[in-house]
Amino acid sequence: MPNTPEHPRRVRVRVQRDGPLLIEGPVEVVDEDGESTVSDRFTVAVCTCRRSRAFPWCDTSHRRRTPPDPGEDKEGKAASQ
């Protein structure tokens, strides 16, 4: 059933810490330039880290991110003492 004002369809979006948004499909994603990307899958993973080679779809690139060292600042430099 299409999502129209006459027949609204509730969509479930699951937010995961350090992961993609999981959205019940089918979906259409429109980027800031107005370019539309469509997926007919029953659930899609939308990238939130912007590392994906298949952006806007998640390709699990966020898993390769290493946690910051507690002794480093945000740029990876040793914290001054």
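Residues numbered from 1 in each chain as written. Predicted model: local features only at pLDDT ≥ 70, side-chain atom pairs only at ≥ 80, totals over all residues. Heavy atoms only, no water.

## Quick word on the sheet that holds strand β1 (residues 13–15)
Paired through backbone hydrogen bonds, the strands of a sheet run either parallel or antiparallel to each other. For the record, the criterion: At least two bridges found by DSSP between two strands is the condition for calling them paired. Under the scheme used here, helices are H or I runs from DSSP no shorter than 4 residues and strands are E runs no shorter than 2 residues, and both carry numbers assigned from the N terminus. Axis definition: a line fitted to C-alpha atoms, over the contacting stretch in the case of helices. Angles run 0 to 180 degrees between N-to-C directions.
Here we have 3 strands laid out as an open sheet, ordered β1-β2-β5, and antiparallel in their pairing. Of all strands in the sheet, those bounded by a partner on one side alone are β1 and β5 (43–46). For this sheet, the mean inter-axis angle between neighbouring strands, taken without regard to orientation, is 20°. Judged from the 3 bridges that link them, β1 and strand β2 (residues 21–24) form a sheet pairing that is antiparallel. Counterpart to V13 in the pairing with β2 is I23.

## Some details on the nonpolar core
To keep it simple, the criterion reads: In plain words, nonpolar cores are sets of buried Ala, Val, Leu, Ile, Met, Phe, Trp, Tyr and Cys residues tied together by side-chain atoms within 4.5 Å. Exposure classes here rest on a 1.4 Å probe applied to the protein chains alone. A residue is buried below 20% of its type maximum, exposed above 50%, and partly exposed in between. Note on definitions: a residue-residue contact is assigned when non-hydrogen atoms from the two residues lie within 4.5 Å.
Among the nonpolar cores identified, the biggest contains 6 residues, and these are I23, V27, V29, V44, V46 and W57. For this core, the secondary structure elements donating two or more residues are β3 (27–30) and β5. Beyond its immediate sequence surroundings of up to four residues, V46 is in contact with P20, L21, I23, V29, P56, W57 and C58.

## Observations regarding a nonpolar patch on the surface
Put simply, the rule reads: Here, patches come from residues exposed beyond 30% relative accessible area and free of salt bridges, joined within 9 Å for like charges and within 5 Å for nonpolar side chains (Val, Leu, Ile, Met, Phe, Trp, Tyr). Shrake-Rupley sampling with a 1.4 Å probe provides the accessible areas, and residues are treated as covered by the protein chains on show and by no other component. Whenever a carboxyl oxygen of Asp or Glu lies within 4 Å of a side-chain nitrogen of Lys or Arg, that contact is scored as a salt bridge.
The grouping of V11, V13 and V15 at the surface amounts to a nonpolar patch, some 250 Å² of accessible area in total. Along the chain, V15 falls in strand β1.

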